[in-house]
Amino acid sequence: MNQWRNFKEGNWSLNIDVSDFIKRNYTEYRGGGEFLSGTTERTDEVRAEVERLLIAENEKGGVLSIDTDNVSSILSHRPGYVIKNKDIIVGLQTDEPLKRAVNPFAGYRNAVQACQAYGYEIGENVYNEFKYRTTHNTGVFRVYTDTMKKARHAGVLTGLPDAYARGRIIGDYRRIALYGMEHLIKERTLDKKRISERNMDADNIQLLEDIEKQLEFMKQLVTMAAEYGCDISKPADNAYEAVQWLYFGYLGAVKEQNGAANSIGRISAFLDIYIQRDLDEGTLDELHAQELIDDLVLKMRLVRHLRTPEYNNLFAGDPVWVTCSIAGMCEDGRSLVTKTCFRFLQTLYNLGPSAEPNLTILWSQKLSEPFKRFCAKVSIDTDSVQYENDDVMRRDFGDDYSIACCVSAMKTGKQMQFFGARCNLAKVLLMALNGGKDEIHGEQIAPEGRSFDEAVLDYEEVLEAFKMYASWMAKLYVNTMNIIHYMHDRYAYERLMMSLHDVEPERLMAFGISGLSVLTDSLSAIKYARVTPIKDERGIIVDFKTEGDFPKYGNDDDRVDSIAKWITEFFYTELCKTKAYRGAKHTLSILTITSNVVYGQKTGATPDGRRAGEPFAPGANPMHGRDKDGALSSLNSVAKICYDCCQDGISNTFSITPDTLGSDEENRISNLVNVLDGYFVQDAHHLNVNVLNRQKLIDAMNDPTLYPSLTIRVSGYAVNFNKLTKDKQLEVISRTFHEKM
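Predicted model, so just to flag it, every value in this text is computed and none were measured.

## Here we look at helix α1 (residues 18–25)
Phase 1 of the analysis: Among the eight residues that make up α1, six are buried, leaving the element largely enclosed by the rest of the structure.
Phase 2 of the analysis: All of the buried residues along α1 are Val18, Ser19, Asp20, Phe21, Ile22 and Asn25.
Phase 3 of the analysis: Looking at the buried side of α1, the elements it contacts are α7 (174–179) and α11 (268–281).

## Focus: the packing of aromatic side chains
Phase 1 of the analysis: Under the criterion given, the structure shown has 29 aromatic pairs.
Phase 2 of the analysis: The interplanar angle of 45 degrees and the centroid separation of 6.2 Å between the aromatic rings of phenylalanine 21 and tyrosine 274 together place this pair among those described as tilted. Of this pair, phenylalanine 21 sits in helix α1 while tyrosine 274 sits in helix α11, and the two are 253 residues apart along the sequence.
Phase 3 of the analysis: Phenylalanine 21 gets classed as buried once you look at its relative accessible area, which sits at 0%.

## Things to note about helix α14 (residues 339–350)
Phase 1 of the analysis: A rise of 1.5 Å per residue sets the reference length of α14, with its 12 residues, at 16 Å; its end C-alpha atoms lie 16 Å apart and thus fit the reference within 8%.
Phase 2 of the analysis: Of all 12 residues in α14, 10 are buried, a share of seventy percent or more.
Phase 3 of the analysis: Among the residues of α14, those classed as buried are Thr340, Cys341, Phe342, Arg343, Phe344, Leu345, Gln346, Thr347, Leu348 and Asn350.
Phase 4 of the analysis: One or two positions beyond α14, positive phi appears at glycine 352, with a value near 90 degrees.

## Thoughts on the side chain of threonine 660
Phase 1 of the analysis: Examined against the element boundaries, threonine 660 turns out to sit in helix α24 (residues 658–661).
Phase 2 of the analysis: For threonine 660, the side chain forms a polar contact with the side chain of threonine 657, separated by 2.5 Å.
Phase 3 of the analysis: Every residue in contact with threonine 660, bar those within four places of it in the chain, is listed here: His738, Glu739, Lys740 and Met741.

What counts, and at which threshold
- Residues numbered from 1 in each chain as written.
- Predicted model: local features only at pLDDT ≥ 70, side-chain atom pairs only at ≥ 80, totals over all residues.
- Heavy atoms only, no water.
- Buried < 20%, exposed > 50% of the residue type's maximum accessible area, 1.4 Å probe, protein only.
- Helix = DSSP H or I, 4+ residues; strand = E, 2+ residues; numbered from the N terminus.
- Contact = heavy atoms within 4.5 Å.
- Phe/Tyr/Trp six-rings, centres within 6.5 Å; stacked < 30°, edge-to-face > 60°.
- Expected span 1.5 Å × (residues − 1).
- Polar contact = N/O pair within 3.5 Å; in protein donor to acceptor, adjacent residues only side chain to side chain.

Rendered as structure tokens:
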């Protein structure tokens, strides 16, 4: 085919194998950013229009407009543009930029509530369409046990994807550009024929129905692209088509599914192959290569989903998590750094800092020094980049994985994830002390057990009680997730995204922990200090008297850091004892997003001295202000948590003042590179980096006009600081800003 001219052939030209295509055809780049280009006049014009729309959206309370009459799907809206004759990469979720669509498949009532929250009423067409339709949420609550409902209400199991689409599934959108939809449809039809020859047990029947749904939406995607004047039935012929074809796949996915984190995957090396070929053929120059990436990023910044206020309270800042994974290493020893890695980072200068897409650097000790320094400079200048340890993830996921949501790795197109929010382990400890009762409402949730007396707590006795209740909770958690994902597959299946996977992908089920540092310090206090429970008139432990000091997580002290390590390994082992839906592999994360505020609000006082209702630390971070021995000690503590039992991710958000990092730009860049190398060489997994002063955040909170585009990293993602609610802003301000290394 002419579309494959000058490409080196291999397994990819015989079978669907994008990874093989990349390895045989990409050009490793070991230089710096001196080749990069600024914006074109056209980009500046489109960017100005996007900024005008974003201001208007913010002035209207965060939602510019809603189409309440049409259910979002691939073909639900006519083509939309930012500026019709100026857009290079075309395609919007609806017919107008930032107009949100309703997507009630996960939960009709949620769609109604989301509309009402912004002054809209659901349209009669949508009401009639869903009058007799079972949604994912309805199916889940038909089957939930009373105990599951109690645990959910109390906030022991929280953030569950039982009322919204699950997300965290990454279609291999690169396949559309490389092979064209005609070939992909043909291959999926052959898959169906092959599977039809098997015995018709429940698993194969379900798979056949899945395939038929996929084929339907694959054909609809071709129609959608044709409405924009593009023929994606054939492979992409040049760099523009490669970017556009790939984006159409992503666009179709987010039109169909409003999942919590529909990431775009690992696309920079793939796109660089097409850009480099065009540069070599003389049909493209660097200015317009950058323009392609700028325009793609502008479109990603416009992705929106309609959410309820309750959802926004959990996941603050209106995030979509269009996570874009950059760099990393090949298993053959070459780095996957290309010029297009630089081009994606350059968008933070050309277009300004932004939370989306969630740019994620796959860091390795072996990445070139110029690239490392460029990444560090971008972090210092924009606070818009996060880092994950490629040397650790590559061992388990190979060299063609992508990051979903915030920190979760998956083999691109070969693995999918059943997302599972998190278990509040700090509440599990309080439940263990109260004999299975919730400390807030006094309700018996877990099986009745011993309620500890108002006497100094014995560490070994507390530990045994915690282990018993944590084991019970792990089983409840897995079974709750099994219900959620059975119903999601049945009533809100991701047809297009799953069509861009291998027909029988490996499935992961992602569980999560919140309150790790609270639980760790609480157990440390019980072990090393004197902790006495205080009960109320109901006989419920609601407070603690803690006498004496105790080692605190975050100061590189093995006495307490070993407790954090043990907690994650124990809970993961307990989760694995209960079989997951569709044979999924259990994974675990320590990740709270911005929900650490809400989790704290639902949790009583804890033995570590935290007061009732106070926020947790984000992710795997030490509690605010307790990591007193400096930045490196704090990082060293988190690095001790083992990735092998936390393959869904260990989120660490790191804030340091500019002066602490160095006296000038060159020193700051060098020191940040050294910090990242030193952290990740310990097999640590993830790091958000904020380089700023606390006062800047206080000033921005008091007067948002001072820093209208201020972007900060929170727990696994970036957010516009001004989009956070006041309580979330205050929590971020209260975090440790390291003033010594």
